[in-house]
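Residues per chain are reported as follows:
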Amino acid sequence: MDSELIAWRQQVVRLADVRLMTELQQLVQVARSCEAHMLVLLAEMDARQLYLAQGYSSLFRYAVSVLRMSEAQAYLRIRAARVARAYPVALEMLVEGALNLSTRKLLAPHLTADNHVALLER
């Protein structure tokens, strides 16, 4: 394990309860923002089919092989990236914590230009 992570773990056990909860909430928000950024990049890579030039037949294969995502992670994120590209409001909702990747995957086949806002808000 990385020495910086070990030192950080030792600091966490000494944090006051309120500080620990605050830091966790802040980190979750940062993670959501990073996830949204990753989805934008995945969507653009998908649109440009950049994985082909790297010798992969699909973005899924690239994500599993190069990005070392599990198959489930790759599937959810690619699906979410495609939804985010088509319906940017879904990306905003991810950052806000109003929508998660699993729900987005379930809704994706039902979203249209006419109904996406109403369905995503539900």
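Structure: see above.
First, a word on scope: everything that follows refers to the structure included in this document. (Residues numbered from 1 in each chain as written. Predicted model: local features only at pLDDT ≥ 70, side-chain atom pairs only at ≥ 80, totals over all residues. Heavy atoms only, no water.)

## Overview of the pattern of salt bridges
- The full count for this structure, using the stated rule, is 6 salt bridges.
- The partner of E35 in a salt bridge is R77, and the shortest N-O contact between them spans 2.8 Å. Of this pair, E35 sits in helix α2 (residues 17-48) while R77 sits in helix α5 (residues 71-86); the two residues are 42 residues apart in sequence, bridging distant segments of the chain.
- Take R77: its relative accessible area is 15%, and that puts it in the buried class.
- When the shortest N-O distance is used, the salt bridge between E71 and R61 registers 4.0 Å. (Salt bridge = Lys/Arg side-chain N within 4 Å of Asp/Glu carboxyl O. Helix = DSSP H or I, 4+ residues; strand = E, 2+ residues; numbered from the N terminus. Buried < 20%, exposed > 50% of the residue type's maximum accessible area, 1.4 Å probe, protein only.)

## Considering the packing of α2 against α5
- At a closest axis distance of 8 Å, the pairing of α2 and α5 adopts a crossing angle of 85 degrees. Judged on the interaxial angle alone, α5 and α2 are roughly perpendicular. Contact residues: α2 offers E35, M38, L39, L42, A43, E44, D46 and A47, while α5 offers R77, A80, A81, R82 and R85.
- Split by residue class, the contact of α2 with α5 holds 7 nonpolar, no polar and 6 charged. (Axes fitted to C-alpha atoms, helices over the stretch in contact; angles between N-to-C directions. Parallel < 35°, antiparallel > 145°, perpendicular 65-115°, else oblique. Contact = heavy atoms within 4.5 Å. Nonpolar A, V, L, I, M, F, W, Y, C, P; charged D, E, K, R; others polar.)

## Side note on unusual backbone geometry
- A positive phi angle, close to 55 degrees, is found at Q49, a residue other than glycine.
- For Q49, the location among the structural elements is in the loop between α2 and α3 (50-53).
- Taking the relative accessible area as the measure of exposure, Q49 reaches 42% and is therefore partly exposed.
- One non-glycine residue, R68, lies in the positive phi region at around 60 degrees.
- Mapped onto the elements, R68 comes out in the loop between α4 (59-65) and α5.
- Residue classification places R68 among the exposed positions, given a relative accessible area of 72%.

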